[in-house]
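Chain and residue survey
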Amino acid sequence: MEKIQWQISVPIFRNTVILKQLGLAIGIPFGIVALVIGLTSGRSVYTLYGLGLIAALLLLSWLFIVVVYRGRYEAEFVLDDKGVLCRTQAKQAKKNRIVNAMTVALGLLSGKPAAAGAGMLAQSRQEVFLRWNRVTKVKYKPKSRTVLLRGGLSEHIALFCADENYSQIEREVMLRTAHLEKGSAER
């Protein structure tokens, strides 16, 4: 197989795959916290204060993503005989290193090891490689021109494609994942 390589800029707040992942990672935990605060605090004025803080945090996070990252995820992909490589494009990777280093430093300085760990974990996922023989599930999303690949527990890659290359990438993934049982690849 000839190496296939492409770069793409994906709008974070308009891509259904990214929005679904954000909903799972952010929406569910904050929703549960807001629900617990709302149900357990009765008619206290501090309930509104707590819910307002959660809303302000979400708004500031959205604003940060729009200002720093222009609301886009800049990725590049490489498909070859060995597997799939997904990495953040160089310009955005530099911004990510700065933000992640600040998260680690602030986490350590404030005595919050979970925040420092989150920064380290985020930095470790700037480049992800998934071997073809490790792929256990494939999901094709032609409407959003995305192919989702899943391997082990933490092995997953979303291949964001352009209109021009989606059908080529879909064919290559089907060819490389022919080892999967018929029922495991979904459309």
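The paragraphs below set out a description of the structure included in this document. Numbering of residues begins from 1 in every chain and follows the order in which that chain's sequence is written. For a predicted model such as this one, the threshold for reporting local features is a pLDDT of at least 70, and the threshold for listing and counting side-chain atom pairs is 80 or more; totals across whole chains, interfaces and linings nevertheless cover every residue. The basis for every side-chain value is the complete set of non-hydrogen atoms in the structure, without hydrogens or water.

**A closer look at helix H1 (residues 16-40)**
Formally: Helix and strand definitions follow DSSP, with helices as H or I runs of at least four residues and strands as E runs of at least two, each counted in order from the N terminus. For a helix, the expected span equals 1.5 Å multiplied by the residue count minus one. For a residue, the bend is simply the angle between two axes, fitted respectively to the seven-residue segment ending there and the seven-residue segment starting there.
Here H1 contains 25 residues, and its C-alpha end-to-end distance of 33 Å stays within 8% of the 36 Å for a straight helix at 1.5 Å per residue. Maximum bend of H1: about 40 degrees, positioned at Gly23. A positive phi of about 65 degrees marks Gly42, the residue just after H1.

**Some details on the sheet that holds strand S4 (residues 127-131)**
Sheet strands associate in pairs through backbone hydrogen bonding, adopting either a parallel or an antiparallel arrangement. Which entries qualify depends on this criterion: Two strands pair under a simple rule: DSSP has to find at least two bridges between them. Between the N-to-C directions of two axes lies an angle of 0 to 180 degrees, each axis being a line fitted to C-alpha atoms and, for a helix, fitted only over the stretch in contact.
The four strands are arranged S1-S2-S3-S4 in an open sheet whose pairing can be described as antiparallel. Looking at strand neighbours, the two that pair on one side only are strand S1 (4-11) and S4, the edges of this open sheet. Strand after strand, the sheet turns through a mean of 15 degrees between neighbouring axes, direction not considered. The sheet contact formed by S1 and strand S2 (residues 72-79) spans eight bridges and is antiparallel. Directly across from Pro11, in S2, lies its bridge partner Arg72.

**Points about the packing of aromatic side chains**
Selection criterion: Here a pair means two rings of Phe, Tyr or Trp (six-membered ring of Trp) with centres within 6.5 Å. Their orientation is stacked below 30 degrees between planes, edge-to-face above 60, and tilted elsewhere. The buried label goes to any residue with under 20% of its type's maximum accessible area, the exposed label to any with over 50%, and the partly exposed label to all in between, with areas taken from a 1.4 Å probe on protein chains only.
Inspection of every chain in the model, using the stated rule, returns three aromatic pairs. Residues Phe64 and Tyr69 carry aromatic rings whose centres are separated by 6.2 Å and whose planes lie at 80 degrees to one another, so their mutual orientation is edge-to-face. With a centroid separation of 6.2 Å and an interplanar angle of 75 degrees, the aromatic rings of Tyr73 and Phe160 are classed as edge-to-face. Here Tyr73, found in strand S2, pairs with Phe160, found in strand S7 (residues 156-160); they are 87 residues apart in sequence, far enough to count as distant. Here Tyr73 falls in the partly exposed class, since its relative accessible area comes to 23%.

**Brief notes about the pairing of S2**
Burial within S2 is extensive, with six of its eight residues counted as buried. The hairpin formed by S2 and strand S3 (residues 83-88) contains three residues between the paired strands.

**Re the pattern of salt bridges**
Heads up, the condition is: We define a salt bridge as a side-chain nitrogen of Lys or Arg found within 4 Å of a carboxyl oxygen belonging to Asp or Glu.
One pass over the structure, following the stated rule, counts six salt bridges. In this structure, Arg145 engages Asp163 in a salt bridge whose closest nitrogen and oxygen atoms are separated by 2.9 Å. Taken as a pair, Arg145 in the loop between strand S5 (137-141) and strand S6 (146-150) and Asp163 in the loop between S7 and helix H5 (166-176) lie far apart in primary sequence, 18 residues in all. Take Arg145: its relative accessible area is 30%, and that puts it in the partly exposed class. When salt bridges that share partners are traced, they join Glu76, Arg87 and Glu127 into one network.

**Looking at the state of the cysteines**
Keep this limit in mind: Throughout, disulfides are identified as pairs of cysteine sulfur atoms within 2.5 Å of each other.
If you walk through the whole model with that rule in mind, you get zero disulfides. Counting only cysteine sulfurs, Cys161 is the nearest neighbor of Cys86, a cysteine outside any disulfide, at a range of 11 Å. Overall, the relative accessible area of 2% leaves Cys161 in the buried class.

Purely geometric stuff here, so don't read any function into it on its own.
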